[in-house]
Amino acid sequence: MTLIAPTLQAFFTERLARQRQASPRTIAAYRDALRLLLGFVQQRTGTTPAKLDWNDLNADVISAFLNHLEDERGNSTRTRNVRLTAIRSLFSYAALQHPEHALLIQRVLDIPPKRFDKRTVTFLTAGEVDALLAAPDPKRWEGRRDKAMLALAVQTGLRVSELTSLNCDDITLGDCAAVRCEGKGRKQRTVPLDRPIQSLLGSWLNERVGRRGDPLFCTRAGRRLSRDAVAQRLSIHAQAAARACPSLLNKSIHPHVLRHIARCRCCRPASTPQSSRSGSATPASAPPTPTSTPT
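These numbers were taken from a predicted model, which means no experiment stands behind them.

The rules behind these values
- Residues numbered from 1 in each chain as written.
- Predicted model: local features only at pLDDT ≥ 70, side-chain atom pairs only at ≥ 80, totals over all residues.
- Heavy atoms only, no water.
- Axes fitted to C-alpha atoms, helices over the stretch in contact; angles between N-to-C directions.
- Helix = DSSP H or I, 4+ residues; strand = E, 2+ residues; numbered from the N terminus.
- Parallel < 35°, antiparallel > 145°, perpendicular 65-115°, else oblique.
- Left-handed = near helix turned anticlockwise from the far one by under 90°.
- Contact = heavy atoms within 4.5 Å.
- Nonpolar A, V, L, I, M, F, W, Y, C, P; charged D, E, K, R; others polar.
- Buried < 20%, exposed > 50% of the residue type's maximum accessible area, 1.4 Å probe, protein only.
- Pairing = 2+ DSSP bridges.
- Core = buried A, V, L, I, M, F, W, Y, C linked by side-chain atoms within 4.5 Å.

### Re the packing of helix α1 (residues 5–19) against helix α2 (residues 24–45)
Between α1 and α2, whose axes approach to 12 Å, the crossing angle comes to 165°. Taken together, α1 and α2 sit at an angle that is classed as roughly antiparallel. As α1 packs across α2, the resulting crossing turns out to be right-handed. Residue-level contacts link Leu8, Phe11, Phe12, Leu16 and Ala17 of α1 to Ile27, Tyr30, Arg31, Leu34 and Leu38 of α2. Its residues assigned to classes, the contact of α1 with α2 shows nine nonpolar, no polar and one charged.

### Some thoughts on the side chain of His68
You can see His68 is positioned in helix α3 (residues 59–71). Accessibility expressed as a relative area gives 15% for His68, which makes it buried. In this structure His68 touches Phe40 and Arg73, once residues within four positions along its chain are discounted.

### Re the sheet that holds strand β2 (residues 178–182)
One open sheet accounts for three strands, arranged β1-β2-β3; its pairing is antiparallel. The open sheet has two edge strands with one neighbour each: β1 (171–172) and β3 (188–192). In this structure, β1 lies alongside β2, joined through two bridges in antiparallel fashion. Pairing of Thr172 across the sheet is with Ala178, part of β2.

### With respect to the environment of Thr172
Tracing the sequence through the fold places Thr172 in strand β1. Counting along the chain gives 20 residues from Thr172 to Pro192, while the straight-line C-alpha distance between them is 9.2 Å. With residues up to four places along the chain from it excluded, the contact list for Thr172 reads Ala177, Ala178, Arg180 and Leu193.

### Details of the nonpolar core
Among the nonpolar cores identified, the biggest contains 43 residues, and Leu152 and Phe217 are the most heavily contacted of them. Every element with two or more residues in this core is listed here: α6 (126–134), α7 (141–156), β2, α9 (195–208), α10 (227–244) and α11 (255–266). Considering every element that reaches this core, the biggest residue donor is α7, with eight residues. Not counting residues within four places of it along the chain, the set of residues in contact with Leu152 comprises Gly157, Leu163, Leu166, Val179, Leu193, Ile197, Leu201, Leu216 and Phe217. One finds Phe12, Ala22, Ala33 and Leu84 within the second-largest nonpolar core, a separate group that totals 35 residues.

Structure below.
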């Protein structure tokens, strides 16, 4: 019998943290996936995680766990595949540590990701964006915070994880106004800010009175907003905006939709040149080129 506990701990402390230098978000995602798996196995067999053996995590158990995610927890196929990626990463590491379980490990690694249909990309029109940004109540502290947050997301196209990880000192106002963030794959990005969003962020920073390193968008207690909290606030404001703009009722509004808005603006074709009296075309002035565009 070979307990999985020592290998599981080494997977996080040695493999992810030291060897691969994985980001905190990656480590947290793998932790959540494996915590769900261990909880599922304990509920099914009554064996605590500290006493689990590799034989308790065979391919049949892993397949049953993946079905549990979709059938009972209501997770999407995409989420199911993300959980499987974390499990396969653990078993790939275990294959080097426990060659005596090579056959069991290989059977788990052979579990394929499930294919799924990609949904149609949702976008918002200019009127719908205006209605959404007008929805937060300016008389409430949360409303002023949410309006600055949503406006920043619409203009810059930041991912929700990038948005929630922003600190007060990541915003630069003035002649070279921009927001700095660390994106996917630890890529550093700097995105310029236009005047309306500068005004909103300036007012919010004055009200926020945060120090360097403090979260830009936080709760009243000063804690950093989570991704789920951002999605919940966006859903609340989308429902309120739908009363003034009924077309929003037919659209699924989630944080990633705000990135699509920024993409549409970046890809918008330039204005058609106007002809002068002499017949020559006068090119329209091109918009300023951003330092970085959402990918």
